Amino acid sequence: MKTSKPGIPFLFLSAFSLAVLPCFAGAPTSPPAPRSAVSVGQKALSFHAKTVDGKTINFPDDYKGKVVLLDFWATWCGPCRAELPKVVAAYNQYHDKGFEVLSVSLDRAKHGPALLQFVKDNGMTWPQIYDGQYSKAAVAVQYGVHGIPCPVLVDGDTGIIIAADTGALGHKLTKALQSALDAKAKK
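Residues numbered from 1 in each chain as written. Predicted model: local features only at pLDDT ≥ 70, side-chain atom pairs only at ≥ 80, totals over all residues. Heavy atoms only, no water.

Describing empty space enclosed by the protein
Right, on to step 1. Counted by the stated rule, this structure contains one cavity of 30 Å³ or more.
Right, on to step 2. The volume enclosed by the largest cavity comes to roughly 60 Å³.
Right, on to step 3. Taken together, D71, W73, C80, E83, L84, V87, M124 and P149 make up the lining of the largest cavity.
Right, on to step 4. Elements with a minimum of two residues in the lining of the largest cavity: β3 (67-73) and α2 (78-94).
Right, on to step 5. With four residues, the single largest contributor to the lining of the largest cavity is α2.
Right, on to step 6. The residue makeup of the lining of the largest cavity, split by class, is six nonpolar, no polar and two charged. (1 Å grid on protein atoms, 1.4 Å probe; cavity = no way out; pocket = protein on both sides within 12 Å on 5 of 7 lines; lining within 4 Å. Points joined across faces, edges and corners; volume = space filled by probe spheres on them. Helix = DSSP H or I, 4+ residues; strand = E, 2+ residues; numbered from the N terminus. Nonpolar A, V, L, I, M, F, W, Y, C, P; charged D, E, K, R; others polar.)

Below, the structure written as structure tokens:
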């Protein structure tokens, strides 16, 4: 009796099936882990910090009547750089309606001059907090930040977190921001 060996097409199809079919098997996927220890509905943690231009910020008290994005980021972070044009666009579109941004840079020590140049080059006209402590930056530690970008959208009147983490990135930032500003306008 003559038997044949499996041919190349059979081996290719078998390998393809083993590699691709599990992707469509409907296996549940878990949501990504949160990037900080805060969540929607919580009261934002208050803090005092100096900006790169020497101004003292009392958060969230300095933002009464506003909606503020507390944005944890770094110049070396690729996803932060990818998100930046969306944050700048939202700031430009909604700033006159009561939207503010306060950035907390997790850049390394001695990167202050590079940070300032990056901020200028990218139209980031809002305050920047930078202490050169990288992942141990005081405000980042207070908020339990362990992944960036890590946006936290806060109602300046109540201090309540409106959106956070992936719920405040990209188009979700604009949606949450518009909703929060509309609610403020109705008061």
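Moving on from the coordinates now.
Some points on the nonpolar core
Right, on to step 1. Of all hydrophobic cores here, the largest spans 53 residues; its most connected members are F59, F72 and Y143.
Right, on to step 2. A total of seven residues in this core trace back to one element, the largest contributor, which is α2.
Right, on to step 3. Those residues in contact with F59 that lie beyond four places of it in its chain are A44, L45, S46, F47, V68, L70, L102, Y143 and V154. (Core = buried A, V, L, I, M, F, W, Y, C linked by side-chain atoms within 4.5 Å. Buried < 20%, exposed > 50% of the residue type's maximum accessible area, 1.4 Å probe, protein only. Contact = heavy atoms within 4.5 Å.)

Here we look at the sheet that holds strand β6 (residues 150-155)
Right, on to step 1. In space, the five strands of this open sheet follow the order β5-β4-β3-β6-β7, with mixed pairing throughout. Where the open sheet ends on each side, the last strands, each with one partner, are β5 (128-130) and β7 (161-164). Here the average twist between neighbouring strands, direction ignored, is 20 degrees.
Right, on to step 2. Bridge count for β3 against strand β4 (residues 99-105) is seven bridges, and the pairing is parallel. Following the sheet pairing, L70 is matched in β4 by L102.
Right, on to step 3. On top of the sheet, α2 reaches β3 and β4; it is set at about 155 degrees to β4, its chief contact. (Pairing = 2+ DSSP bridges. Axes fitted to C-alpha atoms, helices over the stretch in contact; angles between N-to-C directions.)

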